[in-house]
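Coordinates in review
So you can see what is in the structure, the chains are spelled out below.
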Amino acid sequence: MASTSAEIIAFLLTISGWVLVSSTLPTDYWKVSTIDGTVITTATFWANLWKTCVTDSTGVSNCKDFPSMLALDGYIQACRGLMISAVCLGFFGAVFGLVGMKCTKVGGSDQTKAKIACLSGLIFILSGLCSMTSCSLYANRITSEFFDPSFVAQKYELGAALFIGWAGASLCIIGGIIFCFSIAENSNAARRGYAYNGATSVMSSRTKVHNSVPDKSPPKHFDKNAYV
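Before going into details, it helps to say that this report is about the structure given with it. What you see is a predicted model; the values in this text were computed from it and never measured.

1. Topic: a nonpolar patch on the surface
A grouping of Phe91, Phe92, Val95, Phe96 and Leu119 is seen on the molecular surface, where their side chains present a nonpolar patch of about 440 Å² in accessible area. In terms of residue count, helix H2 (residues 74-100) provides more of the nonpolar patch than any other element does, four residues in total. Within the element layout of this structure, phenylalanine 91 appears in helix H2. Take phenylalanine 91: its relative accessible area is 44%, and that puts it in the partly exposed class.

This is the structure we're talking about:
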């Protein structure tokens, strides 16, 4: 029962993390223009992995998609690939997680389901690492430009999408680790069951042997004076 509850908790954590990671891809605010050192702000610049936009003081936004994938900076291409990989891995991890959980009726024996659940945990951990690496790489570029005194172009600050991605990656990693522990719990339970069955079989065999041996001792005859 404890193992089943742990698997349910792990599945909820990983699915929540996968949803958060998936939501970062269409999120607009990966980076937002800083207002540090400015007195009057007439426009706000922001960007994500697919476009860059500007919002004026009246609230009207004008966006421009990145014209060419090959002309993009290397870190944006790397972040795109890592985030798409994280989403795809999370999908396959969810499928294997459903099959490997003990509360489902598919997947075979308990040992087979434990191995599938462990595989799901490894996939979710890899998905979380991809998302964590992507968000950290993007954030490193923002912070390096922000604290570079020789950088004179528009400086940005960390957007909300990065924090959502970090949170989702953490949930995926934590849930994946819990899934991986399910195979260890299953092996320990199998060892305890084997030892118990072995002891039972030995006792039962001894009982059978004892019962199968006929009593060859001569009958006892008591004299009538023995009852006096």
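From this point, the narrative continues.
2. Re the packing of H2 against helix H3 (residues 110-146)
Relative placement of two packed helices is described by the angle separating their axes and the distance separating the axes. Interhelical geometry of H2 versus H3 gives an angle of 160 degrees and a closest axis separation of 8 Å. The angle between H2 and H3 falls in the class roughly antiparallel. Where H2 crosses over H3, the handedness of that crossing is left-handed. Each residue belonging to the contact of H2 with H3 can be placed in one class, and the counts come to 20 nonpolar, ten polar and two charged.

3. Focus: the pattern of salt bridges
Pairing is possible between side chains that carry opposite charge, provided their charged atoms lie close to one another. Applying the stated rule across the entire model yields two salt bridges. For arginine 141, the salt bridge identified is with glutamate 145, shortest N-O distance 2.9 Å. Taken together, the residues span about one helical turn, with arginine 141 and glutamate 145 both in helix H3 at a distance of four residues. Assessed through its relative accessible area of 16%, glutamate 145 is described here as buried.

Analysis parameters
Residues numbered from 1 in each chain as written. Predicted model: local features only at pLDDT ≥ 70, side-chain atom pairs only at ≥ 80, totals over all residues. Heavy atoms only, no water. Patch = residues over 30% accessible without salt bridge, like charges linked within 9 Å, V, L, I, M, F, W, Y side chains within 5 Å. Areas by Shrake-Rupley, 256 points an atom, 1.4 Å probe, with all protein chains shown as cover. Salt bridge = Lys/Arg side-chain N within 4 Å of Asp/Glu carboxyl O. Helix = DSSP H or I, 4+ residues; strand = E, 2+ residues; numbered from the N terminus. Buried < 20%, exposed > 50% of the residue type's maximum accessible area, 1.4 Å probe, protein only. Axes fitted to C-alpha atoms, helices over the stretch in contact; angles between N-to-C directions. Parallel < 35°, antiparallel > 145°, perpendicular 65-115°, else oblique. Left-handed = near helix turned anticlockwise from the far one by under 90°. Nonpolar A, V, L, I, M, F, W, Y, C, P; charged D, E, K, R; others polar.

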